[in-house]
Structures are given as structure tokens and as C-alpha cells.
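Notes for the structure review
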2 protein chains.
Amino acid sequence: MLQPLCDHIRRFIPFDDVSCARLAQFFEVETYKRKAFLLREGEVCTAQYFVLEGCCRTFFTAANDTEHTHLFAIEGWWMTDAQSFEQRTPSQFHIQAVEQLRVAALRRDLRDGLLETLPQLERYFRIINERALAAANMRVKYLFSLSGEERYHNFATRFPEFLQRIPQYMLASYLGFTPEFLSKIRAKRIS
Amino acid sequence: MLQPLCDHIRRFIPFDDVSCARLAQFFEVETYKRKAFLLREGEVCTAQYFVLEGCCRTFFTAANDTEHTHLFAIEGWWMTDAQSFEQRTPSQFHIQAVEQLRVAALRRDLRDGLLETLPQLERYFRIINERALAAANMRVKYLFSLSGEERYHNFATRFPEFLQRIPQYMLASYLGFTPEFLSKIRAKRIS
């Protein structure tokens, strides 16, 4: 069941089959229906999720009740609220299934045990966090320095597999504009 | 010279004096004058910097030549461009001294050797990256969900030590508005 996770780990560190087998006791495979919540704003985020199948997102609601999608994750990506997970504080984000979803969940209470049992995973998570950090930095840069249309084309080039899977209003809110604006950009491209 | 760095590491992992002494061979202490560049956009970021004294920032320039400050770092904070550093690709950011600056620089070529010599630092950097990631996530949330004035007060509450040290135009560009708007907020607060 956790083979995709072990394969992912092996992209970054040596990780033998014995280690992969030991991993299993620390993870639970969970499934969520489309639109189900893995976490709601105000709750403590108790798990890190590795996506085995499907797509999920984090989002938050601004004062005027507008939804802002913050991050997406598909197969082979991790999803959590790092701050809430680490500090055990109420989350300021929702995590929601965008499609029928299957994840390998690493609970906060088991995480330290996992890292004691398989300390080589410190390196794996260090690298994963580094990459997520680099992506978060670029996201801020794009928000400030690219126009809405440029952000769309940038996203479409880097993540073509997302375009077919994500509802337009979610993609628009991730890119920082309205669904109407997204329709206009797409119409322009096709015409 | 590296005592502040060892103290910082000890906040997160056990780290004895022998390990602290071994650290020294992997770091160079460097000084920069105010406004000097540690990295320019287009160059590869070859180091991670731990700030020993002073203040620095990352910024980028948008198409209309507007400067956007992305991050600040003062004593006890790390600064780098994670993507450029890890992937050895040209950076999309500048790193610049805001004040006279003294840093402990960990060069990319020495980083892997450091982690082989002191593997317990994988855990330290995993935690540091996690915290930086959590901060980056909150930064995106604040940009979308708080008004300019709210972002100022939020920043002033969380980082009062920065307010006296950072030129107004840099702080304004970090918060996503003009220096004139910042002056207005400050005038309102005082009146």
C-alpha cells in the first residue's frame, strides 16, 4: 500500500525494503470523498498526508467570505499545515479533498517515533521541506511580479496535469483572480 | 565566533561542545557593508547565511522596476535562496545587507560534508525549514486576507524589533503597499 511513498523516499535518500516495511506501522491509509475535509480552520492539524491517489487543497476564507486556495497536492505530494502540525496550534487553513482521495497519513503522535526508528528520514523530510519552501518563495514572487494572465500561463506550463483536474473557481482563487477572469484568459487562448 | 549558531542549534537538538568545534571548519565568517549584495538575481546562490550581527533582506524587481522585499533576517535567522542553492540554478532574488552585516556562511560545496560529519544537523535543518515553510504559508495568507493596515499592525506586533531597523520603503514593499501608505498608517497610530 505504501509503495508509492517508499518510491518517493528513494528519489531522495537510500531506503531499503526492510525500512519500507517498517514504515507501515507509522502510517494509516485513509480515504476521503470529494469535498470532504481532512482539516477545518480552527482545528489542530494532527497529520501530514502523502497523496496516494486523487487531489486535495488547502484554502482559507478571507473577511469578505472569499475562498482563497493556497496549495494543491496530487499523487506523490505531501500536504499538511506545517505550523499547526508542529506547534499543535489551531490551524488557519482548511484541507479538503478536491477529488476522491486516498492518502497515507502520518499522525503527529507517531511522527517522532518514526524519525527515531528510521532516522535517515530526517534527511528526506529536510529535503522535502526545502523544496516546499522554495515553491512557497516563488509563489510570493509570482503574486507580486506577474500579471494575472502571466500567472495562469506560468502555472499551465509548469503543472499541465492540474488544469484538467481542478475546478476553475479553485484555480482562479489560487492564482489570485476571479473565475470570470480565468474564463476570459482561456477563451483568448483557444480563439 | 560561531557560538550564536551553536546556541541556535541547541534550541532544537542536543549539540555538544565537540560538535560545535567541528562546525567551524565548514563555515566562513563574512562581513558586508550596508547595501552590499550577498547575491544578485541571475547568479547562483552558493551559500546559506546565518546572521551573526546586522540585518539583510531578499528582494526582487518586478517588470515595472518596482522593488519587492520578500524576506528579512536579523541575528539568529537564516537567509538563502533555497531553490537556487539546492538546484544550483540562477536565482530570481537579490540578497542585500540592510545594515552592516556579519554572517556565518555555509557554502554549497561544504554543506553535504557538514551533514556527513554531523548528521544530527539533518534534524536541525529539517526543523528550520519547517518553520520557514510555516512562515511562508502565513505570509501568503496575510497577503490575501488582511488589508494593508492590518498587515502593518500584524507585523508590528510580531516583529517589533524590525520596525526601528528597516527603512520605511523596504517595509512598505514587504507589506505590499507604497511608502506613502505606510506613512499614513504610522501618522494615524501616533495621532
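In the block above lies the structure referred to throughout.
The text that follows walks through the structure, step by step, so that each part is easy to find. Just so you know, these numbers come straight off a predicted model, no measurement behind them.

Rules used in this analysis
Residues numbered from 1 in each chain as written. Chains lettered and ligands numbered in written order. Predicted model: local features only at pLDDT ≥ 70, side-chain atom pairs only at ≥ 80, totals over all residues. Heavy atoms only, no water. Buried < 20%, exposed > 50% of the residue type's maximum accessible area, 1.4 Å probe, protein only. Helix = DSSP H or I, 4+ residues; strand = E, 2+ residues; numbered from the N terminus. Arc of directions from axis to C-beta. Least-squares fit on C-alpha atoms with pLDDT ≥ 70 in both. Contact = heavy atoms within 4.5 Å. 1 Å grid on protein atoms, 1.4 Å probe; cavity = no way out; pocket = protein on both sides within 12 Å on 5 of 7 lines; lining within 4 Å. Points joined across faces, edges and corners; volume = space filled by probe spheres on them. Nonpolar A, V, L, I, M, F, W, Y, C, P; charged D, E, K, R; others polar. Phe/Tyr/Trp six-rings, centres within 6.5 Å; stacked < 30°, edge-to-face > 60°. Lys NZ or Arg CZ within 6 Å of the ring centre and 35° of its normal. Polar contact = N/O pair within 3.5 Å; in protein donor to acceptor, adjacent residues only side chain to side chain. Salt bridge = Lys/Arg side-chain N within 4 Å of Asp/Glu carboxyl O.

Our focus in this paragraph is helix α4 (residues 108-117) of chain A. Residue and element names in this part refer to chain A. Residues of α4 that are buried include every one of Arg108, Arg111, Leu114 and Leu115, and no others. The arc that holds the buried residues of α4, viewed along the axis, is 90°, so those residues lie on one side. For α4, the exposed residues set more than 90 degrees away from the buried face come down to Asp109 and Glu116.

It is worth spelling out the relation of the copies chain B and chain A at this point. The two copies are related by a screw motion: chain B maps onto chain A through a turn of 180° and a shift of 0.0 Å along the axis, at an RMSD of 0.0 Å. The superposition of one copy onto the other is thereby described by a two-fold rotation axis. Identified as the residue of chain B closest to the rotation axis by C-alpha distance is arginine 126 of chain B, at 2.0 Å. Comparing contact sets, 100% of the residues at the interface of chain B also lie at the interface in chain A, consistent with an isologous, same-surface contact.

Moving on to empty space enclosed by the protein. Applying the stated criterion across every chain yields a total of one cavity of 30 Å³ or more. For the largest cavity, the calculated volume is near 40 Å³. Taken together, Thr58, His70, Leu71, Thr80, Asp81 and Phe93 of chain A together with Asn137 of chain B form the lining of the largest cavity. Of the residues that constitute the lining of the largest cavity, the class distribution is two nonpolar, four polar and one charged.

Okay, the packing of aromatic side chains next. Remark: the centre distance and the inter-plane angle together describe each pair of aromatic rings, the angle taken between the planes. Residues and elements named next belong to chain B. The tally for this structure, following the rule as stated, stands at 34 aromatic pairs over all chains. When the centroid spacing of 5.6 Å and the interplanar angle of 65° are considered together, the rings of phenylalanine 159 and phenylalanine 162 count as edge-to-face. On the basis of relative accessible area, phenylalanine 162 is assigned to the buried category, the value being 2%. The lysine or arginine in question, arginine 108, covers the ring of phenylalanine 85, its NZ or CZ lying 5.5 Å from the ring centre. In this structure, arginine 139 is placed above the aromatic ring of tyrosine 174, and the distance from its NZ or CZ to the ring centre is 3.9 Å.

What follows covers the side chain of histidine 70 of chain A. Note on placement: histidine 70 of chain A falls in strand β5 (residues 67-73). Of note is the side chain of histidine 70 of chain A, whose polar atom sits 3.0 Å from the side chain of asparagine 137 of chain B. Apart from residues lying up to four places away in sequence, histidine 70 of chain A is in contact with Thr58, Phe59, Phe60, Phe93, Arg139 and Tyr174 of chain A together with Asn137 and Val140 of chain B.

A separate point is the pattern of salt bridges. Following the criterion strictly, the structure yields 34 salt bridges over all chains and no others. Between lysine 141 of chain B and glutamate 41 of chain A there is a salt bridge whose closest N-O contact spans 3.8 Å. Note that lysine 141 of chain B is positioned in helix α5 (residues 121-145) and glutamate 41 of chain A in the loop between β2 (37-39) and β3 (47-53), a pairing that runs across two chains. Residue classification places lysine 141 of chain B among the buried positions, given a relative accessible area of 6%. Here the salt bridges share partners, and the residues they tie into one network are Glu86, Arg108, Arg111, Asp112 and Glu122 of chain A together with Arg123, Arg126 and Glu130 of chain B.

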